[in-house]
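# Descriptive analysis of the structure
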Amino acid sequence: MPDLLLELFSEEIPARMQAKAADDLRRMVTDKLVAEGLVYEGAKAFATPRRLALTVHGIPARQPDLKTERRGPKVGAPDAAVQGFLKATGLKSLDEAKIQRDPKGDFYIGLIEKPGRDAIDVLAEILPVIIRTFPWPKSMRWGARSGKPGSLNWVRPLHAITATFGLETEEPDVVTFEVDGIESGQTTYGHRFLAPAPISVRRFEDYEAKLLAAKVVLDPERRKDAILTDAKQLAFAQGFELVEDQNLLDEVAGLVEWPVVLMGSFEPEFLKTPDEVIRATIRNNQKCFVVRDPKTGKLASKFILVANIEATDGGATIIAGNERVIRARLSDAKFFYETDLKMKLEGRLPKFDQIVFHEKLGTQAERIMRIERLAAEIAPLVGADVAKATRAAHLAKADLLTEVVGEFPEVQGLMGKYYALAQGEDASVAAACEEHYKPQGPADRVPTDPVSVVVALADKIDTLVGFWAIDEKPTGSKDPYALRRAALGVIRLIAENALRLSLIKVAGSALAGLSVKPADASKLPSDLLAFFADRLKVQLREQGARHDLVDAVFALGGQDDLLMIVRRVEALGKFLDSDDGKNLLAGTKRASNILSIEEKKDKRSFDGAPDAALYSLAEEKALAKAIGEVKAEASAAVAKEDFAAAMSAMAKLRPPVDAFFDKVRVNDDDPKVRENRLKLLNEIRSATRAVADFSKIQD
């Protein structure tokens, strides 16, 4: 079957937009093909700085013919209805229609046949629409045509469109169309400087090979591999190690079509500046990689750049130009760092009195005071030194006002640690200045030092309680204050450090420190706890665990110790994976379903203890006895926080529950016996609530 080759050749596309643009092009074209009945075999998209390309193979040469039936009016309907039916179906007379018998009468049925079109004609129709409606984050109009209504918007000036379609064994045809005066063809262009001449292409294999010969590596993954391999080898040859940076690699691969890796250097005196500042300077300003000395683990006074050209002088001029810029940038960074060291962190804090954190939550200085107070309350609960925790909370935000962080915001916290150590602060205090922002995502490291943990918790809980108090909660996909991330951070800090905290009490303490109070302050801690429950479910879902078990545990009420909730969920999950757990869940669900039906029918609940005198069958007596024993045993185990033992106790219910449903008819003819048996079913439900609300568990 024929293949499609499409290329959109333009001026340089921003690197950050390329991957999504390639994926959008593939998705839009293939979705349209399928909608038109042209089911393809495979598709792949590519991006370079100056082009988006797509190959779709295995497209049928022609659309299938469509046959549809259209129901018309009843036999004997008015002539106007009949004529409308004939016009809509294209039939010449009712003799060409079928008659379908129906309980409501006989109806005319028209068979509409729509012959399929050649795929190349369909492509010529859909491709211009896709180009005109392409979803660039930012786009522009340009040239003489830009003033006309409906002129093309594109990310950068579009110069050429290549579109061919045909069998591998034949000369492909050009998919003929025009967009804003640009006519499709089979001409593209190679590297801007190394091979600027036009290139005539036919199909994808020919296209990719000719581009490679014209110094263009089409596949971004191939460019990344070449850059990484060459950079590692060049660093190794000089006795260094490349400091890998995936985000930078992705960006650089989007800046070059023909990657050429070179090494430059800078003066060793700049190495007195922290490694992270050097790396940020070189990375942000020149998109270059740094290398380190494998013997010391420290950065070396070298950097690796990626050029887009094979220079006649071996790249000497390119290297020299980058060295000049990097030298100037490092000089600035060194100056900023040395200037920052002249003032202690606490000397910067008065400026926070003039910086508003949020108009309803006061200044940054007020927030720091709240975090200090909350840290002092949390510290004894996690075994941290109160004085150190308070000191760390006092200094943690100070580096936000330093010159280095002002230039490179990504090193906030880290620079706080360096400055704290430089002024002689305790190592735990300095570490907390860096780590109180962590964890910032599911893959980020969780602090383990007690002082860091305290300040991180105080910072995140103050944020959550504050924005909850002013009713700035996340809605839908919107979360401008990253409150979901803060809640996940609290969960991970507590769970991975095995901390015992009452979230409701801590949230209440944080609320007490706020100058603004919500309309119903008593509801805030419980509302926030429900938010934590949702975040815990998200985390368990991402880990592949049973997130519905969180609802089963939280439904018991009074559960605000996240560590115990996580442990109970883990034990419940293991129990439900066993045969005893599965069968007991089924029995409990059956009991709940029967109760729900009968409670609705009788408009009453069946609470209260069953009357033992009304037990007439051995299975009733055995179940009642087992419930009494299991309830006591499971409750005692839960009180000791031995959730595995509680689940083992629950397992003892399985045989009597199975026997009860096998031998006992719940809806007995005697109303008293029926009521007593329904109360016994309610006892099953009550017994299992010692560990979880089984009705919340999905089958």
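Just above, that's the structure.
About the thresholds
- Residues numbered from 1 in each chain as written.
- Predicted model: local features only at pLDDT ≥ 70, side-chain atom pairs only at ≥ 80, totals over all residues.
- Heavy atoms only, no water.
- Helix = DSSP H or I, 4+ residues; strand = E, 2+ residues; numbered from the N terminus.
- Expected span 1.5 Å × (residues − 1).
- Buried < 20%, exposed > 50% of the residue type's maximum accessible area, 1.4 Å probe, protein only.
- Contact = heavy atoms within 4.5 Å.
- Pairing = 2+ DSSP bridges.
- Axes fitted to C-alpha atoms, helices over the stretch in contact; angles between N-to-C directions.
- Salt bridge = Lys/Arg side-chain N within 4 Å of Asp/Glu carboxyl O.
- Polar contact = N/O pair within 3.5 Å; in protein donor to acceptor, adjacent residues only side chain to side chain.
- Core = buried A, V, L, I, M, F, W, Y, C linked by side-chain atoms within 4.5 Å.

A few words on helix α8 (residues 316-341). Taking 1.5 Å per residue, 26 residues should reach 38 Å; α8 reaches 37 Å between its end C-alpha atoms and fits that length. Taken together, the buried positions of α8 are Ile-319, Gly-321, Asn-322, Glu-323, Ile-326, Leu-330, Ala-333, Lys-334, Phe-336, Tyr-337 and Asp-340. Here the buried face of α8 lies against β14 (260-265), α7 (275-286), β16 (299-307), α11 (403-407) and α12 (414-422).

One open sheet accounts for four strands, arranged β13-β15-β16-β14; its pairing is antiparallel. In the strand order of this sheet, the two ends are held by β13 (241-242) and β14, each with one partner. In this sheet, β16 lies alongside strand β15 (residues 289-292) in antiparallel orientation, the contact comprising three bridges. Among the inter-strand pairings, Arg-292 is bridged to a residue of β16, identified as Leu-299. Packing of helix α5 (residues 220-237) onto the sheet brings it into contact with β13, β14, β15 and β16, and relative to β14 it is tilted by some 35 degrees. Lying over the sheet, α7 contacts β15 and β16, oriented at roughly 15 degrees with respect to β16.

Applying the stated rule across the entire model yields 57 salt bridges. Lys-20 is the partner of Asp-24 in a salt bridge, and the nearest nitrogen-oxygen pair spans 2.8 Å. Of this pair, Asp-24 and Lys-20 are both found in helix α1 (residues 15-35), four residues apart, which corresponds to roughly one turn of the helix. Between Glu-377 and Arg-373 there is a salt bridge, with the nearest N and O atoms lying 2.9 Å from each other. A residue pair is termed a helical-turn pair when its members lie 3 or 4 positions apart in one helix, as Glu-377 and Arg-373 do in helix α9 (residues 364-382) at four residues. Of the residues examined, Glu-377 reaches a relative accessible area of 34% and is grouped as partly exposed. What you see here is one network of salt bridges that share partners, running through Arg-367, Arg-370, Lys-397, Asp-459 and Asp-462.

Time to look at the side chain of Gln-63. Mapped onto the secondary structure, Gln-63 falls in the loop between β3 (51-57) and β4 (66-74). We classify Gln-63 as buried; its relative accessible area is 11%. A polar contact is formed between the side chain of Gln-63 and the backbone oxygen of Glu-36, at a distance of 2.8 Å.

In this structure, Leu-457, Leu-572 and Leu-681 are the most contacted members of the largest nonpolar core, which totals 124 residues. Considering every element that reaches this core, the biggest residue donor is helix α14 (residues 450-469), with 13 residues. Leu-681 has contacts with Ala-591, Ile-594, Leu-595, Phe-660, Phe-661 and Val-666, leaving out every residue within four places of it along the chain. Val-122, Val-155, Ile-161 and Phe-177 belong to the second largest nonpolar core, which has 38 residues in total.

Here we take up the environment of Leu-653. Looking at the secondary structure, you find Leu-653 in the loop between α22 (643-651) and α23 (654-663). Between the C-alpha atoms of Leu-653 and Thr-688, which are 35 residues apart in sequence, the distance is 9.2 Å.

Next up on the list: the environment of Tyr-40. You can see Tyr-40 is positioned in the loop between α1 and β2 (42-48). Classification of Tyr-40 as partly exposed rests on a relative accessible area of 26%.

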